[in-house]
Amino acid sequence: MDFPCLWLGLLLPLVAALDFNYHRQEGMEAFLKTVAQNYSSVTHLHSIGKSVKETCGFLLWGGFQRNTELGF
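Please read all numbers here as calculations on a predicted model, not as lab measurements. (Residues numbered from 1 in each chain as written. Predicted model: local features only at pLDDT ≥ 70, side-chain atom pairs only at ≥ 80, totals over all residues. Heavy atoms only, no water.)

**Q** In this structure, what is going on with the overall build of the chain? I would like to understand it.
**A** Counting secondary structure elements, the chain contains two helices and two strands. The order of helices and strands in the chain, counted from the N terminus, is α-α-β-β. The buried share of the chain, taken over its 72 residues, is 14%. Looking at the chain as shown, the accessible area adds up to about 5,700 Å², and 60% of this sits on carbon and sulfur atoms. (Helix = DSSP H or I, 4+ residues; strand = E, 2+ residues; numbered from the N terminus. Buried < 20%, exposed > 50% of the residue type's maximum accessible area, 1.4 Å probe, protein only. Areas by Shrake-Rupley, 256 points an atom, 1.4 Å probe, with all protein chains shown as cover.)

Now the structure itself:
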């Protein structure tokens, strides 16, 4: 099985359960933390700072090379 199909198979049930309307910060943060925890071997949740309203911004990094720099 190739890599894109693996990601699609793993994340499709989670994405299908989402309601694609406006989401509150707390709900999205909980979702990202759950994905990062459930798939810790291929994901990493990285804090990218705070907004003007002092809410945390996150980046969900996915891949098999976890020991490399994020590069952004």
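Back to the write-up after that little detour.
**Q** Looking at this structure, I do not really get helix α2 (residues 25–38). What am I missing?
**A** Residues separated by three or four positions in an α-helix point in the same direction, a consequence of the helix having 3.6 residues per turn. For α2, which comprises 14 residues, the first-to-last C-alpha distance of 20 Å matches the rise-based estimate of 20 Å (1.5 Å per residue) to within 8%. Along α2, the residues classified as buried are Leu 32, Val 35 and Ala 36. In a view along the axis of α2, the buried residues occupy a sector of 100 degrees, so they form one face of it. Facing away from the buried side of α2 by more than 90 degrees, the exposed set consists of Glu 26 and Gln 37. (Expected span 1.5 Å × (residues − 1). Arc of directions from axis to C-beta.)

**Q** Would you explain the pattern of salt bridges in this entry?
**A** Side chains that carry opposite charge are capable of pairing whenever their charged atoms lie near each other. All told, the structure shown has one salt bridge when counted by the stated rule. A salt bridge links Lys 33 to Glu 29; the shortest N-O distance between them is 3.1 Å. Pair noted here: Lys 33 and Glu 29 are both in helix α2, with a separation of four residues, about one helical turn. Looking at Lys 33, the relative accessible area reads 40%, which means it is partly exposed. (Salt bridge = Lys/Arg side-chain N within 4 Å of Asp/Glu carboxyl O.)

**Q** What's the story with the pairing of strand β1 (residues 43–50) in this structure? I'm lost.
**A** A regular strand places its side chains on the two faces of the sheet in alternate fashion. In this sheet, strand β2 (residues 56–62) lies alongside β1 in antiparallel orientation, the contact comprising seven bridges. Its bridge partner lying in β2, His 44 is registered against Trp 61. Here β1 hands over to β2 after five residues, with Glu 54 in that stretch at a positive phi of 65 degrees. (Pairing = 2+ DSSP bridges.)

**Q** Can you walk me through unusual backbone geometry in this structure?
**A** What you tend to see is this: most non-glycine residues have negative phi, and most peptide bonds are trans. If you check the backbone angles, Glu 54 has positive phi at about 65 degrees while not being a glycine. Secondary-structure assignment places Glu 54 in the loop between β1 and β2.

**Q** Honestly, the side chain of Thr 43 in this entry has me stumped. Any pointers?
**A** Assignment of secondary structure puts Thr 43 in strand β1. In this structure Thr 43 comes out as buried when scored by relative accessible area, which is 3%. Reaching out from Thr 43, the side chain makes a polar contact with the backbone oxygen of Tyr 39 at a distance of 2.7 Å. (Polar contact = N/O pair within 3.5 Å; in protein donor to acceptor, adjacent residues only side chain to side chain.)

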